[in-house]
Amino acid sequence: ILSSGINAEYGGVSRKFWQGSRDHRGTQEKPGRVATLIEDCSGTVCGLGFELSPEEADATFAYLGDRETGYNLKEVTFYPSDPSQRKQTVLVYTACASNPDYLGPAPVRDMAECIATSEGQSGPNCEYLFNLAHMMRLLFPSASDDELFELERKVKRN
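Each value, and the rule that gives it
Residues numbered from 1 in each chain as written. Predicted model: local features only at pLDDT ≥ 70, side-chain atom pairs only at ≥ 80, totals over all residues. Heavy atoms only, no water. Pairing = 2+ DSSP bridges. Helix = DSSP H or I, 4+ residues; strand = E, 2+ residues; numbered from the N terminus. Buried < 20%, exposed > 50% of the residue type's maximum accessible area, 1.4 Å probe, protein only. Arc of directions from axis to C-beta. Contact = heavy atoms within 4.5 Å. Core = buried A, V, L, I, M, F, W, Y, C linked by side-chain atoms within 4.5 Å.

S.K.: What's the story with the pairing of strand 3 (residues 71-80) in this structure? I'm lost.
M.R.: Two strands pair when backbone bridges link them, and strand 1 (residues 6-21) and strand 3 are joined in this way by four bridges, in the antiparallel orientation. Along strand 3, the bridge assignment pairs A8 with P80. As paired strands, strand 3 and strand 4 (residues 88-95) are joined by eight bridges and run antiparallel to one another. Counterpart to Y71 in the pairing with strand 4 is A95.

S.K.: How should helix 2 (residues 108-117) be read in this particular structure?
M.R.: Since the α-helix advances by 3.6 residues per turn, residues separated by three or four positions end up pointing in the same direction. Residues of helix 2 that are buried include every one of V108, M111, A112, C114 and I115, and no others. Looking down the long axis of helix 2, one finds its buried residues gathered within 160 degrees of arc, a one-sided arrangement. On its buried face, helix 2 is in contact with strand 1, strand 2 (32-49), helix 3 (125-139) and helix 4 (146-157).

S.K.: Help me out: how do you make sense of the nonpolar core in this one?
M.R.: Side chains that are nonpolar tend, in soluble globular proteins, to be buried together. One finds F17, I115, L129, M136, L148 and L151 to be the most contacted residues of the largest nonpolar core, which totals 19 residues. Secondary structure elements with two or more residues in this core: strand 1, strand 2, helix 2, helix 3 and helix 4. For this core, the element with the highest residue contribution is helix 3, accounting for five residues. Apart from residues lying up to four places away in sequence, L151 is in contact with F17, V108, M111, A112, I115 and L129. Within the second largest apolar cluster, nine residues are counted, among which are V13, V45, V90 and V92.

And the structure:
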């Protein structure tokens, strides 16, 4: 549905590898760990924002409402990287502990071990981590995402 995004920083959330993946990057017996957004009033995260036309909105939210079951829909502040664009309030999905696939926080070494050794129908969990780290460096070269890059370093050492 969406062809291109707007580079931006989002306020009020942080990216964490606290979500389990029992299909794409892990199995029922050994879930992988994938990134999710958590509510964090002092947090910020870089990512892409997508503007939907009114015609696209209903279908997109119906699809996401089904796919993102077990998440909270939250309004956050969107700060585009392009200074000619204005900040605005946007919607994101955030993790919640009641989601059956929510794994929550863990020591980085334990998360790295899980990511290094898990694989699902979409491939190795480490491939997901490495692709995300690569894209963050490509799209947001000055961004800091301590957990992401620390996990990447530890998994590469495994």
